[in-house]
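Examination of the molecular architecture
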Amino acid sequence: MGFKQENVDEPIKERQEEFSTHPSPVKKSDIDKQNLAAPVKSAVDKFQLVPEFLKVRGLVKQHLDSFNYFVNTGIKKIVRANDRIVSSIDPSIYLRFTDVRIGQPSVMVDGIGEELTPHMCRLSDMTYAAPILVNIEYITGSNVQKTIEQKNDVVIGRMPIMLRSCHCVLHGKDEAELARLGECPLDPGGYFVIKGTEKVLLIQEQLSKNRIIIDTDKKGRINASVVSSTEAWKSKTVIIMDKEKIYLHLNQFSSMIPVMAVMKAMGMESDQEVVQMVGRDPRFSALLLPSIEECASYGIYTQQQALEYLERKLKKSTYFGAFSEKENRVTTILRDVFIANVPVRQHNFRPKCLYAAVMIRRMMEAILNKDAMDDKDYVGNKRLELSGQLVSLLFEDLFKTMITEVSKTIDAILAKPSRSSRFDFSQSLGRDSITVGLERTLSTGNFDIKRFRLHRKGMTQVLARLSFIATLGHMTKVSPQFEKSRKVSGPRALQPSQWGMLCPCDTPEGEACGLVKNLALMTHVTTDEEESPLISLCYCLGVEDLELLSGEELHTPNSFLIIFNGLILGKHRKPQHFASAMRKLRRAGKIGEFVSIFVNEKQRCVYIASDGGRVCRPLVIADKGISRIKEHHMKELLDGVRTFDDFLRDGLIEYLDVNEENNALIALYEGEATSETTHIEIEPFTILGVCAGLIPFPHHNQSPRNTYQCAMGKQAMGNIAYNQLCRMDTLLYLLVYPQRPLLTTKTIELVGYDKLGAGQNATVAVMSYSGYDIEDAIVMNKSSLDRGFGRCIVMKKLSATNQKYDNSTQDRIIRPQRVGYDSERMQILDDDGIASPGEIIRPNDIYINKESPIITKGPLKSSMGLSDSDYKPSRQTFKGPEGETSVVDRVALCSDRNSNMSIKFIIRHTRRPEVGDKFSSRHGQKGVCGTIIQQEDFPFSERGICPDLIMNPHGFPSRMTVGKMIELLGGKAGVSNGRFHYGSAFGEPSGHADRVEAISETLVKHGFSYNGKDFIYSGITGCPLQAYIFMGPIYYQKLKHMVLDKMHARGSGPRVMLTRQPTEGRARNGGLRVGEMERDCLIAYGASMLIFERLMISSDPFEVQVCRVCGLLGYYNHKLKTGICSTCKNGDNISTMKLPYACKLLIQELQSMNIVPRLKLTEA
Amino acid sequence: MPEVSPMDMPDVPMGKLPEHLELQRTRVLCASDAPTHTENIQYSGAYAMMGIDNGLRLDQFCKNFRVEVIRLTEDDMEFDMIGIDPSLANAFRRILIAELPTMAIEKVLIANNTSVVQDEVLAHRLGLIPIKVDPRLFAYMSENDTPNEKNTIVFKLHVRCERGSPRITVKSDELKWLPNGSEFSLATENSTANSTSKPKTYTSFSCSQDSLPIFTDNPIQLAHPDIIIAKLGPGQEIELEAHAVKGMGKTHAKWSPVATAWYRMLPEVVLLKEIEDEKAEELVKKCPVNVFDIEDIGDDKKKAIVARPRACTLCRECIRGKEWGDLVALRRVKNHFIFTIESTGALPPEVLFTEAVKILEDKCQRVIAELS
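Residues numbered from 1 in each chain as written. Chains lettered and ligands numbered in written order. Predicted model: local features only at pLDDT ≥ 70, side-chain atom pairs only at ≥ 80, totals over all residues. Heavy atoms only, no water.

Looking at an unreviewed UniProt entry, chain B carries the name DNA-directed RNA polymerases I and III subunit RPAC1, with the source organism given as Liquidambar formosana. For chain B, the Subcellular location (unreviewed entry) comment in UniProt is given as "Nucleus". Entered under Sequence similarities (unreviewed entry) in the UniProt record, the comment concerning chain B runs "Belongs to the archaeal Rpo3/eukaryotic RPB3 RNA polymerase subunit family." (UniProt positions renumbered as here; feature names shortened; annotations may be inferred.)

Under the annotation held in an unreviewed UniProt entry, chain A carries the name DNA-directed RNA polymerase subunit beta and is attributed to Liquidambar formosana. What UniProt states about chain A under its Function (unreviewed entry) heading is, verbatim, "DNA-dependent RNA polymerase catalyzes the transcription of DNA into RNA using the four ribonucleoside triphosphates as substrates." The UniProt entry for chain A carries this comment under Subunit (unreviewed entry): "Component of the RNA polymerase III (Pol III) complex consisting of 17 subunits."

**Describing the overall build of chain A**
Looking only at helices and strands, one finds 30 helices and 55 strands in chain A. Its C-alpha atoms put chain A at 100 × 100 × 70 Å along the principal axes. By the burial criterion, 54% of the 1164 residues in chain A qualify as buried. The contacts in chain A between residues at least 6 apart in sequence include a share of 69% that link residues at least 24 apart. (Helix = DSSP H or I, 4+ residues; strand = E, 2+ residues; numbered from the N terminus. Buried < 20%, exposed > 50% of the residue type's maximum accessible area, 1.4 Å probe, protein only. Contact = heavy atoms within 4.5 Å.)

**Notes on the sheet that holds strand β41 (residues 871-873) of chain A**
All names here are of chain A. Strand order in the open sheet formed by three strands is β37-β40-β41, and the pairing between neighbours is antiparallel. Here the strands that pair on one side only, and so sit at the sheet edges, are β37 (812-813) and β41. Strand direction decides the pairing type here: β37 and strand β40 (residues 850-853), joined by two bridges, are antiparallel. If you follow R812 over to β40, its bridge partner there is E851. (Pairing = 2+ DSSP bridges.)

**Considerations on the interface of chain B and chain A**
It is common to give the size of an interface as the accessible area lost on bringing the parts into contact. Each partner contributes to the interface: chain B provides 45 residues, whereas chain A provides 48 residues. Buried surface at the junction of chain B and chain A, both sides included, amounts to about 3700 Å², of which 51% is carbon and sulfur. Remark: the boundary between chain B and chain A carries three salt bridges. We note a salt bridge from D937(A) to R94(B), for which the minimum N-O separation is 2.5 Å. At the surface where chain B touches chain A, the tally comes to 25 residue pairs in polar contact (both at pLDDT 80 or more). Looking at the side of chain B that touches chain A residue by residue, the class counts come to 21 nonpolar, 11 polar and 13 charged. (Buried area = accessible area lost by both parts, 1.4 Å probe. Salt bridge = Lys/Arg side-chain N within 4 Å of Asp/Glu carboxyl O. Polar contact = N/O pair within 3.5 Å; in protein donor to acceptor, adjacent residues only side chain to side chain. Nonpolar A, V, L, I, M, F, W, Y, C, P; charged D, E, K, R; others polar.)

Structure representation (structure tokens):
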């Protein structure tokens, strides 16, 4: 073992040396100079923690954690909460779920369970799901004899399994094993495979539940609201200040209720006590006074009066009627709905009263001092709902539905007067409802859960497989809570509290700008944690129980309220002491690492949170500004003795959520720490997400450029995954020769972009050339294209099914005829009637020679009995760009869910760049190829270097993408000295980005100018150019927008049936419309004949017979060869004229609704 | 004051341009911000006002024109071309890149390809492999021509990675020359009719290529045996035939006989003032390519001299900074070209250049013929 260890050591040591010498390969004297200028170099290079973190957590760990939590804990909780099905007829007959677990992903084929792998599911359109197994205990037997029976591992449905979660077959597999399963080792997992398509459950952003939020409503009234969410009930309680009086708004009441009435109804009969609870400050009392007076004016003095008053205000809805009538309905509502998160035990409403009082107090504070308002956009007030939580909601609903279904069927059986057979509870289980429900919801993305009033659309999306980065970016996407149409700037603005949690760059442009966000690299989203041990711990640490406090004591100035997950636990006299004690326990690992302790001085509260959905990130703990991580720790990490979790366990690193960050003073670098500093960032570049992490030197760019690049990186072609050629995607763009960027960043290495790159390092000359480079167009070198630059492969899927019909007939695929009619088009078919792989396929070629039976309905027929004449050909022909040749890449046969044979064809088309194809660098600088020029006409440098493409320098001044220039310099230096240069964000101080000075020195050492500009000769005249040209390699991405897919023109062509006007859109070979604005121009110009030609002759001319007498349309009688007016019943006064068919249609449509448009003709 | 004509320059010898004009005519001045006077003054009467003829005389050209070969290896050469116009030097460069014909694989008939490399990509890769054969022995194949021994070279590639064996890398030496032409028979309707005679293939060679005297001793092969074509996993196989034809670089870069061909103008580094002692040391240190040296001039004094101006890559380090621009001047000699040809291997570089000259000659002949 020791020997092995040594072997491992060596390369790591080398790497370490590489890192330490990293910042500049400069001579000794220069290093000294730099060291003096730089802030005290961080004593410890903590970078290694980032890869370690990502190794432990993965890039989509938040999804996996959440799903794992659901599968291991959540599902058990749900089943435990609803573990009994009791017959309502005979309560002694019951079924009890004793345990639930998820099995291995498998599928039942002909009654035999078969293990599933995700790739199998993708290829054959199956759902990657595992059975939900329950252990049950139930009563069987007839009326008299009842026995308790037990059954284990009863399947009640199938749960779609998230890839790489703990129940996935890929869990814990190494690279070789993954490869054997047909899986890409770099694929992050975190999505589902539903019916063969990969579906992501997007992260949903929500306002936090069970927290008091002070806000103003539309009318400008200040209110305090709590969205309560417990297992039993979800409600929203709002306390509003309206016209100086305080009201309660609750859905169950028809109007707003004076809050004092509510307090009285809960037993706070004494106004004095309420005042005391809110606080004895005269300002608060003054604010409360009108409410007290109002309450008195209604004559509400006692609890009974208040309850009666509330009774009258109840909504008439009978929704609540199901509850037992013994109790007063108002009491029930107050107990279960009003601030539902505060539990009422043994009719003790006091905690609720106190909670309401705190709400009122917080609201009053906000009225007195606007600063006390809560910010809804503050990330600390937000919760991210992840796939696990969403699936658990769905499952809970379906499980409850199943239970009611089962109890209904049981009742139906029991209600039968004569039950002959013994009934078996277990047989009523295991219907498809859970399986189908889960599958349908996940595949459509429409969450429609009535029980929780959850109606949301588009929760799942098909995983973007356009490029590797698009996939990763899709998994970290956070979709917003509001609809996108609202024109408010607040939620869209960059919040300072997003620092380190959400990527500041990665957001789409347009309507969703700022609403859709992406997680940063090191963000972790918490899952729920057991509350009760934490609560008892708080009491142990000296929290005075709320029960023991009088109203007066609640707001005494010498103590802080302790609020745990939105629940007031009590008070503490030494909040800081308490907080630090809790933190110590957390660092020691005695309580969960994601528990947050936040002392809010302003609100005089200590918030403790252990709920799920909070965003948090790891930080290095510092004591009085001195980092706890020492050199030897990092060395141990490098040696593999120490893992990231050890750092957590030893209290060197901790997770802080957004709220607790407010109690910390975080230094960016160790050198900048002061004695007040409590934490130190691990690496500053981790504030960016995956997509923004690809940009080299993003901190030198104008910020919108980084945002543009985040959107464009997802459209870049390259590699998708290692298994890209085994996948059957509907559309796949690949680059023939993808490269890894010469100028990398640490993020690139961490996410694996260097292994699955999407671009090529092009030698770029920044100069003007030929005039075909205006407006961001780029000029490309033809020889570079000949040699494979920008060459890409487009793969499209075509599919066909061998359909079976109701009358047991089915399609057939037959051997093609090799001679005669249509044999030309069937050349690529194999003898089995299916196109064979490797054949060149041209437009209008038949790729499957299929025939369908003519009669598909009616009485059963056997397929055997059909003769050839009973079939009609239903061949499928290939429609591709004319003049281009594609190739049949692969043909796959599988059976679909209806056990029809499904045939999938992958058609491949290799394309070389052409004029109009879109390219982009990594700095939001997109441009189309303007022209392609021979190499000999291209400029060349003194060393014979000829650029691959020429970019116009006008792209720089207004865009201010200095990062691109540095990328060019760094790339050039990298090529010269054979070392990949780095450009991580904010990386210069920590050595993760090369400094321009160092790069320039390298350039000079290799005989280039320090500024990257070369002496260039014109390829046309042979003379030197009169300027030095900025030239070097830049990583260029080819974007998926290609001319071939877009170009469209038409002369005559298809028309719409109804209006006889040309069709619309490229896909339908549509016409090009002369629109309103074009029409206006022509009118203004007076080009009447042109308008006439465009709008009528070339569109929908129609000859009509108009009656000059009645002005209505007639018809042309072909026998009599005259026009006849059907109204006047003669053909005497008929004129023939031309009209757009749409106009004729309008006239007839108007006639059909009893409006008579008459045409009055005059001689022209 | 007597009227003096501006053209009357007593210190300029008759028949010569004044110094600064001469400098502008013959040198490119590479200042730190931009090169100036890069254009050649072509017009014969450009200095007519001063009574100087700027025309180019053939005898003058013949007398002054020199070619000095600096380096010549199997596949690259460097030579100086002195006393020639940039337009002519550029013409040679352009012809080398685009108009010298070579043989390159143009058609690939794939019988079987189960490798991960797609057919088109494989064909593209094959196309870019340089073939070591003299293209002058072959004729162009036009659209209607049938491939025969005079215009087509056929190669065969048949590699198979057996199941159970490790992955193999297919390199260019696996391409085997088929002197008798294609071995794939053409599928025709009447193929069974004359089964006795030779089956019709994709080429119609009248005789074997290796019967030709040139190819008997040195069979046609590829320029480099170690170009990776594809990689095969166990059970994968490639079987194909590649047909090479003659073509030109302007059609596709695969027919370009040079990896690249370019020239640079001869660097001239001039010390405008004496640079001594520390300054000299500094200058020597500044230059990354060691253009300067130090010379002792006695009295413990040192002076910088320009030792290797040819090495200058124009990094402009020596003229960086305010005062240095006045001390050192970087220039390029306009009629002295350091020409480099990197051959792909089809033909040796010196042959390439002579061929280029011939092509230019042809072109001139054609122009003359057209004009007369």
